[in-house]
Amino acid sequence: MANMRLTYDRIHLGVSQLVWGYDLSRADRLVQCLDEASEIGYEGVLLFDSTLPFWYNRPGELKEMLEQRKLKVAAVILQPSLDFKGTIQLAKFVSEIGGDRLIISGRDGTQTEWKISLPLLERHGEIANAHGLRANYHHHTGWIAETMEQYEQLLADIDRKKLGAMLDCGHA
């Protein structure tokens, strides 16, 4: 496993693709997002896994588009499932375009599936780590770690070398 200790010399300002919509799978929509994010002055973008399959066979092209606009991939959100091959493909791609973080966030179960969901989340984290990425869990209302107490329990129960935490206080 690669050394996952990432250090930064300052805070970088990025923006989520959600400002432009959830579905940016069409190339022209993503280009508009990148153009406008750059024009506004953002340094990075948060992208969703559903946006990237169009680019899987052309990572160099997307990386060049980002570099031309002086943007970095702040992170990519992975909506977890049992498709570990998809996670491998995504992690490899994110690494190729210069990303260093995979945010795991999606319908991942409820408290009743705790013993099933945690190993699955950790497996996605292991895959990210194997590709030089740091994986972080992002909570939401109605998911496995909805309350602060549940989130603290998740952090106590997972292997933090496989999966870190992302506290999003912007929404629930």
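About the cut-offs
Residues numbered from 1 in each chain as written. Predicted model: local features only at pLDDT ≥ 70, side-chain atom pairs only at ≥ 80, totals over all residues. Heavy atoms only, no water. Helix = DSSP H or I, 4+ residues; strand = E, 2+ residues; numbered from the N terminus. Buried < 20%, exposed > 50% of the residue type's maximum accessible area, 1.4 Å probe, protein only. Polar contact = N/O pair within 3.5 Å; in protein donor to acceptor, adjacent residues only side chain to side chain. Contact = heavy atoms within 4.5 Å. Axes fitted to C-alpha atoms, helices over the stretch in contact; angles between N-to-C directions. Left-handed = near helix turned anticlockwise from the far one by under 90°. Nonpolar A, V, L, I, M, F, W, Y, C, P; charged D, E, K, R; others polar. Phe/Tyr/Trp six-rings, centres within 6.5 Å; stacked < 30°, edge-to-face > 60°. Lys NZ or Arg CZ within 6 Å of the ring centre and 35° of its normal.

Caption draft 1: Local environment of the side chain of Asn-136. Its place among the elements puts Asn-136 in strand β5 (residues 134-138). Residue classification places Asn-136 among the buried residues on the basis of a relative accessible area of 9%. Separated by 3.0 Å, the side chains of Asn-136 and Arg-101 make a polar contact. Polar side-chain contacts of Asn-136 include one of 2.7 Å to the backbone oxygen of Ala-165. The residues touching Asn-136, leaving out its near neighbours within four places in the chain, are Arg-101, Leu-102, Ile-103, Ile-104, Leu-163, Gly-164, Ala-165 and Met-166.

Caption draft 2: Quick peek at the packing of helix α3 (residues 84-96) against helix α4 (residues 114-130). α4 packs onto α3 with a crossing angle of 30° between their chain directions and a minimal axis gap of 9 Å. Taken as a pair, α3 and α4 cross one another with a handedness that is right-handed. Residue-level contacts link Phe-84, Thr-87, Ile-88 and Ala-91 of α3 to Leu-120, Arg-123, His-124, Ile-127 and Ala-128 of α4. Classifying every residue of the contact of α3 with α4 by side-chain character gives six nonpolar, two polar and one charged.

Caption draft 3: Fine view of the packing of aromatic side chains. Scanning the model with the defined rule gives four aromatic pairs in all. Each ring, one from Phe-54 and one from Trp-55, has its centre 5.0 Å from the other, and the planes form 85°; the classification is edge-to-face. With a centroid separation of 6.1 Å and 35° between ring planes, the pair formed by Tyr-137 and Tyr-151 is classed as tilted. Separated by 14 residues along the polypeptide, Tyr-137 in strand β5 and Tyr-151 in helix α5 (residues 148-157) bring together distant segments of the chain. Neither residue differs from the other here; Tyr-137 and Tyr-151 are each classed as buried. When the ring centre of Phe-54 is taken as reference, the NZ or CZ atom of Arg-58 above it lies at 4.4 Å.

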